[in-house]
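What the coordinates show
One-letter residues, chain by chain:
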Amino acid sequence: MSVLIRGAAAEDEAAWRGLWQAYLTFYEVDLAPDITAATWARILDPAHRMQCRMAFDGETALGFAIHHPHCSTWVVADDVYLEDLFVSAEARGRGVGRALIEDLIALGKQAGWHRLYWHTNRDNAQARQLYDSYCQEDGHIRYRLAL
């Protein structure tokens, strides 16, 4: 499997929506369609801070990382919140989640971000194994990674 990671584009909507629905199902969440539509619109809006990187194997979408840089009261450079990271069940354990995080680290270093952080459920053992390979949780189940 070769993984290509790139920014989401308008033609990715159906693939993203399929992954998004699987993500919501994983977390047992039911969102109103207008929230999903607003999220996709924000992702595509170059003036909005929300961004989405997507992982592909050929034409098959494998996962996504929705993130947004924001200012901080603790540092001068932007922090970046990785709000949603998801890899399809079929692609888990094959390095896709790591590739998405590594992509954000590279983008962050290039852009001068200060740190990347995220949250997960305490019982999400598979994700936490990946996250713990980068840094330890800070007691809030929030991960911080200096860039």
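For the structure itself, look to the data block above.
Residues numbered from 1 in each chain as written. Predicted model: local features only at pLDDT ≥ 70, side-chain atom pairs only at ≥ 80, totals over all residues. Heavy atoms only, no water.

Here we come to helix H1 (residues 13-26). Here H1 contains 14 residues, and its C-alpha end-to-end distance of 20 Å stays within 8% of the 20 Å for a straight helix at 1.5 Å per residue. The set of residues buried in H1 consists of Trp16, Leu19, Trp20, Tyr23 and Leu24. Along the axis of H1, the buried residues cluster in a sector spanning 140 degrees; they form a single face. Along H1, exposed side chains directed more than 90 degrees from the buried face belong to Ala14 and Thr25. Those residues of H1 that are buried lie in contact with helix H2 (33-44), strand S2 (51-57), strand S3 (60-70) and strand S4 (79-87). (Helix = DSSP H or I, 4+ residues; strand = E, 2+ residues; numbered from the N terminus. Expected span 1.5 Å × (residues − 1). Buried < 20%, exposed > 50% of the residue type's maximum accessible area, 1.4 Å probe, protein only. Arc of directions from axis to C-beta. Contact = heavy atoms within 4.5 Å.)

Turning to the packing of aromatic side chains, a few remarks are in order. Counted under the stated rule, the structure contains 11 aromatic pairs. With a centroid separation of 5.6 Å and an interplanar angle of 40 degrees, the aromatic rings of Trp20 and Tyr23 are classed as tilted. One end of the pair is Trp20 and the other is Tyr23, both in helix H1 and 3 residues apart, which spans about a single turn. Residue Trp20 shares its accessibility class with Tyr23, and that shared class is buried. An angle of 65 degrees between the planes, with centres 5.6 Å apart, marks the rings of Tyr23 and Phe86 as edge-to-face. Of this pair, Tyr23 sits in helix H1 while Phe86 sits in strand S4, and the two are 63 residues apart along the sequence. Taking relative accessible area as the criterion, Phe86 reaches 5% and is therefore assigned buried. An aromatic cluster of three or more residues is present, and its members are Trp16, Trp20, Tyr23, Phe26, Tyr27, Trp40, Phe64 and Phe86. (Phe/Tyr/Trp six-rings, centres within 6.5 Å; stacked < 30°, edge-to-face > 60°.)

This brings us to the pairing of S2. With 5 of 7 residues buried, S2 lies mostly within the body of the structure. Relative to S2, strand S1 (residues 4-7) runs antiparallel, the two being bridged by 4 bridges. What sits directly across from Leu4, in S2, is Phe56. Judged from the 7 bridges that link them, S2 and S3 form a sheet pairing that is antiparallel. Within the sheet, the bridge partner assigned to Gln51 lies in S3 and is His67. (Pairing = 2+ DSSP bridges.)

All right, on to the nonpolar core then. Among soluble globular proteins, nonpolar side chains are generally buried collectively. Counting 23 residues, the largest nonpolar core has Leu82, Leu100, Ile101 and Tyr134 as the members making the most contacts within it. Elements with a minimum of two residues in this core: S3, S4, helix H3 (96-111), strand S5 (115-119) and helix H4 (125-132). Setting aside anything within four residues of it in sequence, one finds Tyr134 in contact with Arg98, Ile101, Glu102, Ile105, Trp118 and Leu145. (Core = buried A, V, L, I, M, F, W, Y, C linked by side-chain atoms within 4.5 Å.)

Any link to function would need more than the numbers given here.
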